[in-house]
Number of protein chains: 2
Amino acid sequence: MSTATVSRALSSPERVSDGTRARVSEAVRVTGYTLNQTARSLRQRSARTILVALPDIRNPFFSSILDAIEREVTARGYGMLVANLYFGHQATRLQDYLLSNRADGLLLLDGSLNADDLRVITSAPYSVPLVVACEDIPNSGFHTVVTDNVQAAERATRHLIELGHRRIGHIFGPEQNVVARDRLAGFNRAMNREGLPIAPEWVFRGSFEMDSGFAASARYMTLADRPTAVFAANDESAIGFLSGLRRHGILCPRDISVIGFDDLGVAPHYSPPLSTMRQPRETLGKMAAEALIDLIEGRQGNGTPLRIVLQSELIARESTGRPAELASA
Amino acid sequence: MSTATVSRALSSPERVSDGTRARVSEAVRVTGYTLNQTARSLRQRSARTILVALPDIRNPFFSSILDAIEREVTARGYGMLVANLYFGHQATRLQDYLLSNRADGLLLLDGSLNADDLRVITSAPYSVPLVVACEDIPNSGFHTVVTDNVQAAERATRHLIELGHRRIGHIFGPEQNVVARDRLAGFNRAMNREGLPIAPEWVFRGSFEMDSGFAASARYMTLADRPTAVFAANDESAIGFLSGLRRHGILCPRDISVIGFDDLGVAPHYSPPLSTMRQPRETLGKMAAEALIDLIEGRQGNGTPLRIVLQSELIARESTGRPAELASA
DNA sequence: GTGAAAGCGCTAACAT
DNA sequence: ATGTTAGCGCTTTCAC
């Protein structure tokens, strides 16, 4: 029996006779043969592996998306290489993975990379399949799966307004981050639509990290005139903020309402249980992985860039309530 | 110029003349040549990639270890494939990665796999390098990097005892989990050494998840005779427990002291800031990755299984205090 | 339905 | 210091 026949029996069993197929499986069983994926990759010019690049694995938001991606990718017989980007702007490192044929496509969860650098690898002659997820790269024309952060932030802010708040602040994320900017834009839009003023000193700078929320609380305390509610760009900064306020005797929701974003695992168990916007993380990860593999396998190749925009859901818990001056009403 | 020369210029530049080296780098620059890692892997029988297998990427404890691993691995020029194990016991899936030459070694963060299944791939003829980290596989003889959970759990429990508590409970982790068992053992040891009784109804079953801590709080409330302090197997269950108690008006640390384990990011910002044991996660991940790569590259091949045991650190915050009956003293 | 043979892109052994 | 050659293990024509 030739190696060609074995190869056929293994990868397209319908092309060999029943007898051959049986003899091959038996031989595989007895010898413990495992196909050398490296040789196959070389021959087929496909690694059956994708590369996922993200800004921070430790961030629970990303890690749960990574989980969804891993499930989908595994189900379709692919492996998942993971690269952390730390300080962003490392398109060259990704290039190395992709152009060296170690991965067949890139799933990028970081909007901070330069679109032109990326286009080097996505366009001819390399034509590496790319799907951008979570963090949009605006006007890049890349295939994209995101949630509508502007809309969701507007919804979160409107939640505070509907409760009767008029004096509302925001904890901003990293200045250069698309997601943070979108959430600020949504905040602004909600305020504008209701004709509410936006006080610049009520927009606290932040970094999506707990410490930055904590720092915001210190600045909050120095204000002569304070907002009665705050929309934080994510749950981490909301938690850091609340933690800081508590040390100054400011209680939520009695003295202030706070809404976050992401619905971290701890949100329902925080004190108070945190109101937040929940993104469909599993769906997002799954759809992004599906899209990338479709692209790799030549389906979904109709040219027009894919753009999937998912919606987030308001989860109202106990960290938001009516403002103190209306509480008795 | 032959392909061999180019290969040499790229992988061992000292073996070619200055002129050749310069011409090669120039040509590389001009043509945008990238070495085909797949072909190199096939030829050298090494993928320069490791496989990390873990029970749950979403768990922030694992994801921060993953982060440390990724840094080390990247620094040494390797890639990192990640596989989630969900329900454990999937040694065959890992086999497939390793025996097919997609990965040169396995970094296993899950103690629930069967040692004999693993030995199939670690012993001849395959001899796949393996390092077990975080969760020990007892008596397996595998190279191992862990923290001393018995000792750390004993320290946590002693912290409660030193504060004056005598009636102390425990929230257990998953029954089959080595880490959970070690932490229970450490709890028992501390209690025994102080001659304190362990009430079976004060050892709550758990799963390391917040919900299980929450469920434990419901059982706590039904007790006629309640402990004044609880050592929870991890921060998640501590947080779920506190969250449940709060709904029943039991306040921490006034009415009960609780200490967790892991020092999650939220621990210092929880209400109250959570006392906990901090494991050296970065060190653990880094050392495990180092050990695995040394093994792959043939260093550290002296035969005796490596066993690194790191210590954890008590972080006393505000969730632990003196018991109510001593508080005025 | 099966076999023979070429070749994916690289590196290592050998020769010069 | 460089070139020649063989071959890693697989898949894929092409022949039969």
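Treat the numbers as computed from the prediction; the structure is a model and nothing was measured.

K.L.:
Could you clarify how one ought to interpret the overall build of chain A in this entry?
P.N.:
Regarding its fold elements, chain A presents 12 helices and 12 strands. A principal-axis box enclosing the C-alpha atoms of chain A has dimensions of 85 × 40 × 30 Å. Just so you have it, chain A exposes about 13,800 Å², and 50% of that area is on carbon and sulfur atoms. For chain A, the separation between the mean place of its 36 positive charges and that of its 36 negative charges on side chains is 4 Å.

K.L.:
Would you explain the domain arrangement of chain A in this entry?
P.N.:
By convention, interface size is frequently given as the accessible area that disappears when the constituent parts associate. Each assigned domain of chain A is listed with its residue range as follows: domain 1 (3-35), domain 2 (47-148 + 281-312) and domain 3 (149-278 + 315-327). For domain 1 of chain A and domain 2 of chain A, the distance between their C-alpha centres works out to 35 Å.

K.L.:
Whenever I open this one, the packing of helix 4 (residues 60-75) of chain A against helix 11 (residues 281-296) of chain A confuses me. Can you help?
P.N.:
Helix packing geometry: the angle between the two helix axes and the distance between the axes. All names here are of chain A. Taken N-terminus to C-terminus, the directions of helix 4 and helix 11 make an angle of 45°; their axes are 8 Å apart at the nearest point. Here helix 4 lies oblique to helix 11, going by the angle between them. For the crossing formed where helix 4 meets helix 11, the hand is right-handed. Residues Pro60, Phe61, Ser64, Ile65, Ala68, Ile69, Glu72 and Val73 of helix 4 pack against Arg281, Glu282, Leu284, Gly285, Lys286, Ala289, Glu290 and Ile293 of helix 11. Among the residues forming the contact of helix 4 with helix 11, the class breakdown is nine nonpolar, two polar and five charged.

K.L.:
How should I be thinking about the packing of helix 9 (residues 210-222) of chain A against helix 10 (residues 235-247) of chain A in this particular structure?
P.N.:
Residues and elements named next belong to chain A. Interaxial distance between helix 9 and helix 10 falls to 6 Å at its minimum, and their mutual angle equals 45°. Regarding the angle of helix 9 to helix 10, the classification is oblique. Helix 10 is crossed by helix 9, and the crossing has right-handed handedness. Mapping the contact onto sequence places Met210, Ser212, Gly213, Phe214, Ala216, Ser217, Tyr220 and Met221 in helix 9 and Glu236, Ser237, Ile239, Gly240, Phe241, Ser243, Gly244, Leu245 and Arg247 in helix 10. Looking at the contact of helix 9 with helix 10 residue by residue, the classes come out as eight nonpolar, seven polar and two charged.

K.L.:
What is the right way to read the protein's contact with DNA strand D from this model?
P.N.:
Around DNA strand D sit 24 residues, and of these Ser7, Tyr33 and Arg43 of chain A together with Thr20 and Arg45 of chain B come closest. Within 4 Å of the protein, the contacting atoms of DNA strand D are 65% sugar and phosphate, with bases supplying the remainder. In this structure, arginine 40 of chain A approaches DNA strand D through a side-chain N or O atom, which is 2.7 Å from a phosphate oxygen. In terms of residue class, the surface near DNA strand D is built from eight nonpolar, nine polar and seven charged.

K.L.:
Sorry if this is basic, but what is going on with empty space enclosed by the protein here?
P.N.:
A probe as big as a water molecule, rolled over the atoms, marks out the empty space that is left. Tallied over the entire structure, the rule returns one cavity of 30 Å³ or more. Taken as a whole, the largest cavity spans an internal volume of roughly 210 Å³. The wall of the largest cavity is formed by 16 residues, among which Ala47 and Arg102 of chain A together with Ala47, Thr49 and Arg102 of chain B lie closest to the centre. At the level of elements, helix 3 (37-44) of chain A together with helix 3 (37-44) of chain B are the ones that each hand at least two residues to the lining of the largest cavity.

K.L.:
How should the pattern of salt bridges be read in this particular structure?
P.N.:
Opposite charge on two side chains lets them pair, provided their charged atoms get close. Residue and element names in this part refer to chain A. Enumeration according to the criterion identifies 49 salt bridges over all chains in this entry. With its nearest N and O atoms 3.0 Å apart, the salt bridge here joins lysine 286 to glutamate 72. Taken together, the residues lysine 286 in helix 11 and glutamate 72 in helix 4 connect sequence positions 214 residues apart. Among the residues examined, lysine 286 registers a relative accessible area of 39% and is labelled partly exposed. With relative accessibility at 10%, the residue glutamate 72 sits in the buried group.

K.L.:
How should unusual backbone geometry be read in this particular structure?
P.N.:
Leaving glycine aside, a negative phi is the common case for residues, and trans is the common case for peptide bonds. Residue and element names in this part refer to chain A. In this structure, proline 253 follows cysteine 252 across a cis peptide bond, with omega equal to 5°. For arginine 45, which is not a glycine, the phi torsion comes out positive at approximately 50°. On the secondary structure map, arginine 45 appears in the loop between helix 3 and strand 1 (49-54). With a relative accessible area of 67%, arginine 45 lands in the exposed category. We note that aspartate 262 has phi near 120°; this positive angle belongs to a residue other than glycine. With respect to the helices and strands, the residue aspartate 262 is situated in the loop between strand 9 (257-259) and strand 10 (276-278).

K.L.:
Explanation requested: the sheet that holds strand 6 (residues 168-171) of chain B in the structure shown.
P.N.:
Within a sheet, each strand pairs with its neighbour through backbone hydrogen bonds, oriented either parallel or antiparallel. Residues and elements named next belong to chain B. Overall, parallel pairing links the four strands, which are arranged 7-6-8-9 in an open sheet. In this open sheet, the two edge strands, each paired with only one partner strand, are strand 7 (203-204) and strand 9 (257-259). As defined by bridge partners, strand 8 (residues 229-232) adjoins strand 9 across three bridges and the pair is classed as parallel. Pairing of phenylalanine 231 across the sheet is with isoleucine 259, part of strand 9.

K.L.:
I'm lost on helix 5 (residues 91-99) of chain A in this one. Help?
P.N.:
Note that an α-helix has 3.6 residues per turn; residues three or four places apart therefore point the same way. Looking at helix 5 of chain A, one finds that the buried residues are Ala91, Arg93, Leu94, Tyr97, Leu98 and Leu99 of chain A. Where helix 5 of chain A is buried, its residues meet strand 1, strand 2 (79-84), strand 3 (105-108) and helix 6 (115-122) of chain A together with helix 4 (60-75) and strand 2 (79-84) of chain B. Where helix 5 of chain A ends, the next residue or the one after it, asparagine 101 of chain A, has phi of about 70°, a positive value.

K.L.:
Can you walk me through the nonpolar core in this structure?
P.N.:
If you look at soluble globular proteins, the nonpolar side chains tend to sit buried side by side. Core analysis: the biggest nonpolar cluster contains 57 residues, and Ile69 and Leu107 of chain A together with Ile69 and Leu107 of chain B have the highest contact counts within it. Counting 50 residues, the second largest nonpolar core, distinct from the first, contains Ile250 of chain A together with Trp202, Met221 and Ala238 of chain B.

K.L.:
So what exactly am I meant to see when it comes to the packing of aromatic side chains here?
P.N.:
The geometry of an aromatic ring pair is captured by two quantities: the separation of the ring centres and the angle between the planes. Tallied over the entire structure, the rule returns nine aromatic pairs over all chains. Ring geometry for tyrosine 270 of chain A versus tyrosine 270 of chain B: centroids 5.6 Å apart, planes at 80°, classification edge-to-face. On the criterion of chain membership, the pair formed by tyrosine 270 of chain A in the loop between strand 9 and strand 10 and tyrosine 270 of chain B in the loop between strand 9 and strand 10 (276-278) is interchain, its members lying in two chains. Plain terms: the ring middles of phenylalanine 204 of chain B and phenylalanine 241 of chain B are 6.2 Å apart, the flat faces sit at 40° to each other, and that makes the pair tilted. Taken together, the residues span a long stretch of sequence, with phenylalanine 204 of chain B in strand 7 and phenylalanine 241 of chain B in helix 10 (residues 235-247) at a distance of 37 residues. Over the ring of phenylalanine 261 of chain A we find arginine 183 of chain A; its NZ or CZ atom is 3.6 Å from the centre of that ring.

K.L.:
What am I meant to see in the relation of the copies chain A and chain B here?
P.N.:
In this structure, two copies of a chain are linked by a rotation about an axis accompanied by a shift along it. Here chain A sits on chain B after a turn of 180° about the axis and a move of 0.1 Å along it, with an RMSD of 0.1 Å. Expressed as a symmetry operation, the mapping of one chain copy onto the other fits a two-fold axis. The position closest to the rotation axis in chain A is occupied by the C-alpha of leucine 81 of chain A, lying 2.2 Å away. The residues that chain A uses at the interface reappear at the interface of chain B in 100% of cases, marking a shared surface.

The rules behind the values
- Residues numbered from 1 in each chain as written.
- Chains lettered and ligands numbered in written order.
- Predicted model: local features only at pLDDT ≥ 70, side-chain atom pairs only at ≥ 80, totals over all residues.
- Heavy atoms only, no water.
- Helix = DSSP H or I, 4+ residues; strand = E, 2+ residues; numbered from the N terminus.
- Areas by Shrake-Rupley, 256 points an atom, 1.4 Å probe, with all protein chains shown as cover.
- Lys, Arg positive; Asp, Glu negative; His and termini not counted.
- Charge placed at Lys NZ, Arg CZ, Asp CG, Glu CD.
- Domains from an automatic or database assignment.
- Axes fitted to C-alpha atoms, helices over the stretch in contact; angles between N-to-C directions.
- Parallel < 35°, antiparallel > 145°, perpendicular 65-115°, else oblique.
- Left-handed = near helix turned anticlockwise from the far one by under 90°.
- Contact = heavy atoms within 4.5 Å.
- Nonpolar A, V, L, I, M, F, W, Y, C, P; charged D, E, K, R; others polar.
- Near = heavy atom within 4 Å.
- Polar contact = N/O pair within 3.5 Å; in protein donor to acceptor, adjacent residues only side chain to side chain.
- 1 Å grid on protein atoms, 1.4 Å probe; cavity = no way out; pocket = protein on both sides within 12 Å on 5 of 7 lines; lining within 4 Å.
- Points joined across faces, edges and corners; volume = space filled by probe spheres on them.
- Salt bridge = Lys/Arg side-chain N within 4 Å of Asp/Glu carboxyl O.
- Buried < 20%, exposed > 50% of the residue type's maximum accessible area, 1.4 Å probe, protein only.
- Pairing = 2+ DSSP bridges.
- Core = buried A, V, L, I, M, F, W, Y, C linked by side-chain atoms within 4.5 Å.
- Phe/Tyr/Trp six-rings, centres within 6.5 Å; stacked < 30°, edge-to-face > 60°.
- Lys NZ or Arg CZ within 6 Å of the ring centre and 35° of its normal.
- Least-squares fit on C-alpha atoms with pLDDT ≥ 70 in both.

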